[in-house]
Amino acid sequence: VCSSDLSETHTVPDQVIAVEAGGAVAARSTQDFPLALRYGLGPRSEFYLQTSPYSRVEGTTPDGEGWGDSFVGVRHRLRDADMLSPAYGFQVATKLPTGSFENGLSSGEMDWFGALMAQQTYYGFETTGFYQLGVLGQSPGPDTEFEHTWAAQTRYNTGSPVTPFAEAAFVWQPDNNTE
């Protein structure tokens, strides 16, 4: 899950640069403060670069703290939502191992991701469904590991800068499942 919500179908308008920052804290395990740069490539497409200038992972030996991994990707909205049908989009991305492997902040390998998303608004509630397949590691072969991410999110547009939302996500990786 990202600071710039990359599970959505929304894209930055053509030739517009957006800078987004956020934070994520999981009790007694991780802290992450991602930063994203998004650039509109057209009315439905964008390029993005996301990194974590500060990440902390507890439970590794030693506890890792420092710069996290970076992601480079492209997102495209296939169709806009209307009253009866949701918006659909896809994205492809690569994880660059910019974090420290020794501190547990990176796998030390490039990973590849493809995702599909759908989004619709009903009675002011914007609901998003997201699925992502990740190919973990640089060398494809019989030992290639895959990651699956499923997420659902809903938020209510209050018309103010504060937007209440709820999200459930499940990430399945070989030997490491997180909810």
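Predicted model only: the values in this text are computed from it and were never measured.

J.: Help me understand the overall build of the protein, please; the structure alone is not making it clear to me.
T.: Looking only at helices and strands, the protein has 0 helices and 12 strands in total. The helix and strand sequence of the protein, counted from the amino end, reads β-β-β-β-β-β-β-β-β-β-β-β. Once local pairs closer than 6 in sequence are excluded, the contacts in the protein between residues at least 24 apart make up 46%. As displayed, the protein has an accessible area near 10500 Å², and 61% of this comes from carbon and sulfur atoms.

J.: Can you help me understand the pattern of salt bridges in this one?
T.: Oppositely charged side chains can pair when the atoms bearing their charge come close. In total, this model carries 9 salt bridges according to the counting rule given. The shortest N-O distance in the salt bridge between Arg44 and Asp80 comes to 3.3 Å. Remark: Asp80 occurs in the loop between β6 (70-79) and β7 (87-96) and Arg44 occurs in the loop between β3 (30-40) and β4 (45-57); sequence separation between them is 36 residues. Taking the shortest distance from any N to any O, the salt bridge between Asp82 and Arg79 comes out at 3.0 Å. Connected through salt bridges with shared partners, the residues Glu20, Arg38, Glu46 and Arg75 form a single ionic network.

J.: Explanation requested: the environment of Asp111 in the structure shown.
T.: The residue Asp111 is located in strand β8 (residues 111-122) in this model. What makes Asp111 buried here is its relative accessible area of 7%. Along the backbone, Asp111 and Phe71 are 40 residues apart, and their C-alpha atoms lie at a distance of 9.3 Å. Not counting chain neighbours up to four residues away, the residues in contact with Asp111 comprise Ala93, Thr94, Lys95, Val135, Leu136 and Gly137. Of the polar contacts made by the side chain of Asp111, one reaches the backbone nitrogen of Gly137; its length is 2.8 Å.

J.: Would you explain unusual backbone geometry in this entry?
T.: Most of the time, phi is negative for any residue but glycine, and the peptide bond is trans. The backbone of Gln15 shows a phi angle near 60°, a positive value even though the residue is not glycine. With respect to the secondary-structure elements, Gln15 resides in the segment before β1 (17-21). Non-glycine residue Tyr123 carries a positive phi angle of around 50°. For Tyr123, a relative accessible area of 81% puts it in the exposed group.

J.: Please clarify how the side chain of Thr51 should be interpreted in this entry.
T.: Following the sequence through the fold, Thr51 ends up in strand β4. Residue classification places Thr51 among the buried residues on the basis of a relative accessible area of 14%. Within the local environment of Thr51, its side chain forms a polar contact with the side chain of Trp67, the two groups lying 2.8 Å apart. What Thr51 contacts, discounting residues up to four positions off in sequence, is Phe33, Pro34, Leu35, Trp67, Gly68, Asp69, Ser70 and Thr98.

J.: Looking at this structure, how should I read the environment of Ala151?
T.: Here Ala151 lies in strand β10 (residues 145-156). When the C-alpha positions of Ala151 and Phe130 are compared, they lie 5.1 Å apart, and in sequence the two are 21 residues distant.

J.: Help me understand the environment of Gly22 in this model?
T.: As for its placement among the helices and strands, Gly22 is situated in the loop between β1 and β2 (24-26). By relative accessible area, Gly22 is classed as partly exposed at 28%. Between the alpha carbons of Gly22 and Ala36 there is a distance of 8.9 Å; along the sequence they are 14 residues apart.

J.: Please explain the packing of aromatic side chains as it appears in this structure.
T.: When we look at a pair of aromatic rings, we describe it by the centre distance and by the angle of the planes. Counted under the stated rule, the structure contains 5 aromatic pairs. Ring centres 6.0 Å apart and planes at 50° place the aromatic pair Phe71 and Phe113 in the tilted group. With a gap of 42 residues between them, Phe71 in strand β6 and Phe113 in strand β8 connect regions that are remote in the sequence. Here Phe113 falls in the buried class, since its relative accessible area comes to 11%. Through a chain of ring-to-ring contacts, three or more aromatic side chains come together here, namely Tyr131, Trp150 and Phe170.

About the cut-offs
Residues numbered from 1 in each chain as written. Predicted model: local features only at pLDDT ≥ 70, side-chain atom pairs only at ≥ 80, totals over all residues. Heavy atoms only, no water. Helix = DSSP H or I, 4+ residues; strand = E, 2+ residues; numbered from the N terminus. Contact = heavy atoms within 4.5 Å. Areas by Shrake-Rupley, 256 points an atom, 1.4 Å probe, with all protein chains shown as cover. Salt bridge = Lys/Arg side-chain N within 4 Å of Asp/Glu carboxyl O. Buried < 20%, exposed > 50% of the residue type's maximum accessible area, 1.4 Å probe, protein only. Polar contact = N/O pair within 3.5 Å; in protein donor to acceptor, adjacent residues only side chain to side chain. Phe/Tyr/Trp six-rings, centres within 6.5 Å; stacked < 30°, edge-to-face > 60°.

The quantities given are spatial measurements derived from coordinates; they are silent on function.
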